[in-house]
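Examining the three-dimensional arrangement
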Amino acid sequence: MNRPALFPITLGILVACGGETVSQPPASPTTAGPQPLASTPTAAATPHVSRKANKAPVALEEYFKTLRVRGLSFSYDEKLVVTMSDRGGRADLWVRPIGGGTPTQITHAEGFIHSFAFSPTEDVLAYEADKGGDELPHLYLTNSEGDAPKDLASDLPAGARTQFVDWARDGNTLLFLSSARDPKQLDLYEYDVKASKATMLWKSEGAFALSGVSDDHKRFLVKETKSDSNNDLYLVERAKPTERKLLTEHTGDVLSDANFTHDGRTLLLTSDEKGEFRALYSLDPATGKKQIAHEEPWDVEWSFDSKSGHYRFTESNADGAPQLTIVDTKTGKPLTVPAPPKGLAWDVLDVTRSGPTVLGFSKSERYLGLVARGDTAPSVPYVIDLKAQTATPVSDVLPPTLHDHAMTTATSVRIPSNDDKQIPALLYTPPGDGPFPAVIDVHGGPTRQSLRDFSTIRQYLLSKGYVVLVPNVRGSTGYGKTWTRLNNHDVGGGPLRDVVACKKYIVANAKVASDEVAVMGGSYGGYMALAAATFAADEFAANVDFFGVSDLKSLVESFPPYWAATAAGIYVKFGDPKNPADATYQHDQSPIYFMDRVKHPLLVVQGDKDARVKKDQSDRMVEGLRARGIPVPYLVLQNEGHGFTRQESYIKAYALTDRFLDRYVVGDDSVTVEQ
C-alpha cells in the first residue's frame, strides 16, 4: 500500500530544534520590546481567595494506566499483528495473534520507536528506533519473535539518521532514507535483504526532499519547499535519478501533496490552488492533464490505493474529525465495514514518530486495520475481519477503574478574537453551576491542528471540575490556508491575542472564574504558555510549559541539519537567524528577554535529551525567574526527548501539573508543589 505523502520534516516547533547553550541573553536589538497586552477589566479586580481544590473521583495514576497503542502491521501469513504499545512501561513493539490472544513484547528500545512494518512475503520486521529520544533513529530488521535485531545502519555517522519508506512487493528489498552522505540531506536508498547491501537510488539536494514512491519503486515524487505556503512536486524516474519533471506548475502560493495510484501512472493530488481548502485531483504525469476528483468544505487530506489496487482510501478533515471513505476502484462502491464504537470515527492512519503510518489491509485483503478515533475514548487500532464483519481492538487500553467512567465530549465553538477573525476551538465543560477553574490547552506546531482526540489529562481535569478549552489559534491547519498563514513572522502576537480572547469567551460563556485560568501546552504550546506569562502577565493565574521555546533565534539556529530542505518554511514562521531584518522580530517575540514582566507562577517540564527544544531554553527561563522570586517548579526528565517514552514520565509530569494547578490556579494553599 502506498503511504501518504512522506513528510521527513513536518513544519513547526514540533520538529524544529532548540537553541544552543547560552549563559546570558545576547544584547538586544531593541530595548522596549512588544507592549504587554491590555488585561480584561476583571483580570485582577480582587485578590484571589484560597479554597480547596476538588478531589478527582478516579486518581490521576489510573488515567495514566491507559495504554498508548499506535500503528498496526499484518504479518505476511495473516497470523499476527504488530503494534507499538507502552504496555511494558515504555513504547515498544508488541506482537499478538490476529484473532486475539496474549501480546508478546519483541523490542526493548532505549528511546522512541518510529515507524515499523512487516515484510509482505516472510517473517521479517523492519523498524526504526532512536536512543534516549535523540531523534536519530537507526533502521533494524528482526522477526516476529524479536530475534537478533540487525542494525542496517550500524556504520551511520554520528548525528545522522535513517527513515523507513516502504517494502518492495516481493519482500526482497526495502526503501529507506538516510543522511549518511550529507547531514543536511535525506537520500533514498534500497536495501537488499539477502545480500545485506544498500544502494543509493536518489540524491537529495537543497530544498528537494522525497515525498512519495510508486508501488513498484520505479517512480519517485520529490517535493521542493519554497515557503510554508508554497511548494512544487516533481517526478523522478528511477532509471534517470538526476532528472526532474515539474508536475505542479503554478503562480502564487500553492501547497500540494500526492500519492501514486496502484499502477504508478496517475497521481492522486491534493492542492489548495482553487481556494482556501485542499481538493483532490487526478493528475496524469505524462500529459499534465488534471481533473478534480473530490472536494469538501474542508481539506481533503490525502488519497491512496491499497497494494492490490482494489480499494482507494480518501480522507477529509471535518473540524478536527476524520471523514474516511474506502471505495472499490472498479465499481466506485463503498466498502462495507462494521460501524466504529459510538462517538468515534474510523481512520486508516496512525501517527508514529516518523509521521503518518498506514494501517491498511492484510495480504489477502480479508483483514483491514483501522483506528477508532474520538475524544471520549483512547485511540486504538482495530482488526476488521471483512468476511465476518467484526471489529476487534488489538488491546483493552483502559484500566478497570475507568471502564465505566463517563468521558466528556467537546462542543465545537467559534470564538471572536480581537479583530474580525473567528477562532475555531473545542470546549470541554464539567457538570455544575461553577464558577470553574479553567485550562486553555494550546497545541504544538505551530503548523498543526488540535483534533478531536482523547486526552487523559483533559479528561482528568474535567473530572475535577475544570473547564478545558482547546483552541486552534491563527497559524493552525485545518481551517483554510489564510488562517494557517496568519502567524507568519508573528508566532507570539496574533496567536496570543487569540488565547486572551479565548479566556474572555470562557469567562463569559462557560461559567469560568476570571482569576482561575491557566495556559498549558507542549512545544509551541509551551511557547504560548511562556508568551502568556510574559506578554499577557495580568491575564492568567499561572501557566504550564512543557518543553517550550523561550528564544526564537537560538531555536532556529540549532535545528538539526537534516531539516535544511524545509528551512524556508520554518524561517517564515520563526525568522531567519542569518537575516538581520529578522533580528528585532526574533528578539521581541522571545519570552527570555522579558522575564521582568512575569508576575505569576510557572511550571516547566523538560526532557534532558530533547533534540528539538534544547534543555537550555528552559534552564535560562527558570534561572531568570527564580532569581526574581517567581515560583517556578522545574521537572527535568532524565533520558527523555521531545515528549515522553516512559509511563513513569507521564505520571511524574502530570502529577506535578495537577498539584501546580490546584495550588496556583484554584488557590488551594494546602497543596505542596516542589520547587
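Overview of the structure. Throughout this document, residue positions are counted from 1 along each chain, in the order its sequence is written. Only residues with pLDDT of at least 70 are given local features in this predicted model, and only at 80 or more are side-chain atom pairs given and counted; all residues enter the totals for whole chains, interfaces and linings. Note that the side-chain values use all heavy atoms of the structure and ignore hydrogens as well as water.

What about the pairing of strand β30 (residues 390-393)?
Strands were regarded as paired on the criterion that DSSP finds at least two bridges between them. For helices the rule is a DSSP run of H or I covering at least 4 residues; for strands it is a run of E covering at least 2, with both sets numbered from the N terminus onward. Where strand β29 (residues 380-385) and β30 come together, four bridges link them in antiparallel fashion. Paired with aspartate 385 across the bridge in β30 is threonine 390. What sits between β29 and β30 in their antiparallel hairpin is a turn of four residues, with glutamine 389 showing a positive phi close to 55 degrees.

Quick look at a negative patch on the surface
A contiguous patch of negative charge, built from Asp77, Asp123, Glu145 and Asp147, is present on the exposed surface. Here glutamate 145 lies in the loop between β7 (138-142) and β8 (150-151). We call a residue buried when its accessible area falls under 20% of the maximum for its residue type, exposed when it is over 50%, and partly exposed in between, using a 1.4 Å probe and counting protein chains only. Taking relative accessible area as the criterion, glutamate 145 reaches 58% and is therefore assigned exposed. To count toward a patch, a residue needs a relative accessible area over 30% and no salt bridge; like charges are then connected within 9 Å, while nonpolar side chains (Val, Leu, Ile, Met, Phe, Trp, Tyr) are connected within 5 Å. The Shrake-Rupley method, run with a 1.4 Å probe, gives the accessible areas here. Residue values count only the displayed protein chains as cover. By definition here, a salt bridge exists when the distance from a side-chain nitrogen of Lys or Arg to a carboxyl oxygen of Asp or Glu is within 4 Å. When charges are counted, Lys and Arg contribute as positive and Asp and Glu as negative, whereas His and the chain ends are disregarded. Positions of charges follow a simple convention, taking NZ of Lys, CZ of Arg, CG of Asp or CD of Glu.

Structural notes on the sheet that holds strand β17 (residues 256-260)
Pairing is antiparallel in the open sheet, where four strands are placed in the order β17-β18-β19-β20. Edge positions in the open sheet fall to β17 and β20 (290-294), since each of these has one partner strand only. Strand-to-strand twist of the sheet, defined as the mean angle between neighbouring strand axes without regard to direction, takes the value 30 degrees. In this structure, strand β19 (residues 279-283) lies alongside β20, joined through four bridges in antiparallel fashion. Considered in β20, the bridge of tyrosine 281 is made with isoleucine 292. Simply put, an axis is a line fit to the C-alpha atoms, just over the touching stretch for a helix, and the angle between two N-to-C directions goes from 0 to 180 degrees.

Focus on the environment of asparagine 487
The topology assignment puts asparagine 487 in the loop between α3 (481-485) and α4 (494-509). Separated by 311 residues in the primary sequence, asparagine 487 and phenylalanine 176 have C-alpha atoms spaced 34 Å apart. Filtering out sequence-adjacent residues up to four positions away, asparagine 487 remains in contact with Pro446, Arg474, Gly475, Pro495, Tyr524 and Lys573. Contacts are assigned to residue pairs with any non-hydrogen atoms lying within 4.5 Å of each other.

Functional significance is not addressed by these values, which are geometric in nature.
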